[in-house]
Amino acid sequence: GGGSEQTLLVLGATGDLTGRLLLPGLSGLLAAGAGPGLFLLGSGLEDWDEDRWRRRVSESFAATSDGGRVAATVRQTTYLQADVTRADDLRRLLDACRGDVVIFFALPPAVTAKACRALGSLGLPEGTRLVVEKPFGVDRASAVQLNQDLAGLVAEEQIHRVDHFLGKSTVLNILGLRFANRILEPVLNADHVASVDIVFDESLALEDRAGYYDQAGALVDMVQSHLLQVLALLAMEAPPTVGARELRDRKAQVLRATHLWGNDPAASSRRARYVAGEIGGRRLPAYADEAGVDAGRGTETLAEMVVMVDTWRWAGVPFRLRSGKAMTSTRKEAVITFKQPPRVPDGLSGWEQPDRLRIGFGPDRLGIDLNINGPGDPFVLDPVTLDADFGPGALPPYGEVLKGALDGDPTLSVRGDTAEECWRIVEPVLAAWRADVVPLGEYAAGSSGPQDSLLPGI
Ligand code: BG6
């Protein structure tokens, strides 16, 4: 960045990812004054002309009110038809770039792999950065392969694996909350904590994404990626700086120590998919009946997994991860539940609810549940929640993670070893599900999930 010219080259510019995430994230970023001198270059297989591409960009940017930089980017942007699996087409694209090059692979994994190989034969301009979106592979082996393909092109620090959860303001705030407050960190360990829940229940259902989602399922779409990143921030040791190297080292360390609870998928994981139901007056068909879904695949729309963070700090504390679609409750939070005090004076009652620290990631909030002497009898305690609302972050989450790629700061990027580690953690669960060791349960769309959940409602 730094004011000099830079090109964001989007491979797969006519596709869904570009429209749904990349362009909206970019517009937020530009409106906030980032990305000066950015030249946006779109490319795709489709025979689009410049006008058609500009229309797409300006429609995506329309939600952003700022005039100047957003409008300038739209005016300048251009589109080149190209087959990115062919070296000569890629050469043409690179020749059209100005200044530093950032290549965004908005492509299916198999095409990304081919594009990497074709790029490898060209040699990239000095300082080129690469951006990829999840899923980073479809299992551990393919994640390793993807990492090798990317590493053949540029150094790890120039590879940006985007996880928009790491750009959420409350997720980013875990660092400040844990390490800049004296009263929290000393009690965040197995001596004081009973359990940690990381939950992301959505009312959203399939939303026309069968092509991607039916292959992925809830475990891969949410738990293996976003929720394990949150776990890493909650459980890691304090880094001496929040720079890319130290922060990402600490995350990698704690994930290496993390494994399925009891190494027992039957006891420590659950999967289910929704059947027809109703959410807020909207009738939803069963997942299995949605267009594009192969019902026989048995893709889950809700996944739960309990893991052990096997370190001195956390050994013995269950970390329970869960995400579901088409749910009535939209709990989106990490909750740290503390143990009961060692001794409560006789004569005090009403203190049975444990203390909890709640970090909400949509809506963004922070809460602490305590037992205090409320109204009425002073010896009968009442549970209260001290609540703080967050203003929105300076940038939308996707803008935040894109900014890292444009500025060349990989702090919020998922490092290659960490991406592989996250697959390693879920692999026993995926294998057990494939082998039907854990039955595929059902829940009605618009309900609060299956009966045999591993997470008590709190
Ligand atoms: C995406 C998942 O990464 O995150 C979606 O693919 C999910 O299935 C989404 O709905 C949640 O995003 P947000 O913006 O609500 O955090």
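What counts, and where the lines are drawn
Residues numbered from 1 in each chain as written. Predicted model: local features only at pLDDT ≥ 70, side-chain atom pairs only at ≥ 80, totals over all residues. Heavy atoms only, no water. UniProt positions renumbered as here; feature names shortened; annotations may be inferred. Helix = DSSP H or I, 4+ residues; strand = E, 2+ residues; numbered from the N terminus. Buried < 20%, exposed > 50% of the residue type's maximum accessible area, 1.4 Å probe, protein only. Contact = heavy atoms within 4.5 Å. Core = buried A, V, L, I, M, F, W, Y, C linked by side-chain atoms within 4.5 Å. Salt bridge = Lys/Arg side-chain N within 4 Å of Asp/Glu carboxyl O.

**A closer look at the UniProt feature "active site" (unreviewed entry) in the protein chain**
Feature annotation in UniProt places "active site" (unreviewed entry) on His226, given in this structure's numbering. As for its position among the elements, histidine 226 is in helix H8 (residues 210-235). Note on histidine 226: relative accessible area 3%, which makes it buried. Excluding its chain neighbours within four sequence positions, the residues that come into contact with histidine 226 are Lys134, Asp163, His164, Phe165 and Asp221.

**A look at the nonpolar core**
Formed by 101 residues in total, the largest nonpolar core has its most connected members in Ile103, Phe105, Ile198, Met305 and Phe319. The greatest single-element share of this core, amounting to 16 residues, is contributed by H8. Once residues lying within four places of it in the same chain are set aside, the contact partners of isoleucine 198 are Leu227, Val230, Leu231, Leu234, Arg320, Leu321, Arg322, Glu333, Ala334 and Phe361. Counting residues in each nonpolar core, the second largest holds 30 residues, with Ala13, Leu29, Leu30 and Val131 among its members.

**Some remarks on the pattern of salt bridges**
Tallied over the entire structure, the rule returns 30 salt bridges. Between arginine 322 and glutamate 304 there is a salt bridge, with its nearest N and O atoms 2.6 Å apart. A residue pair is termed long-range when its members are at least 10 positions apart, and arginine 322 in strand S13 (residues 318-324) and glutamate 304 in strand S12 (residues 302-309) qualify at 18 residues. The burial state of arginine 322 is the same as that of glutamate 304; both residues are buried. Between arginine 358 and glutamate 333 there is a salt bridge, with its nearest N and O atoms 3.1 Å apart. You can see arginine 358 sitting in strand S15 (residues 356-361) and its partner glutamate 333 sitting in strand S14 (residues 332-338), a full 25 residues away along the chain. For arginine 358, a relative accessible area of 12% corresponds to the buried category. If you follow the salt bridges from partner to partner, you end up with Arg86, Asp88, Asp89 and Arg92 in one network.

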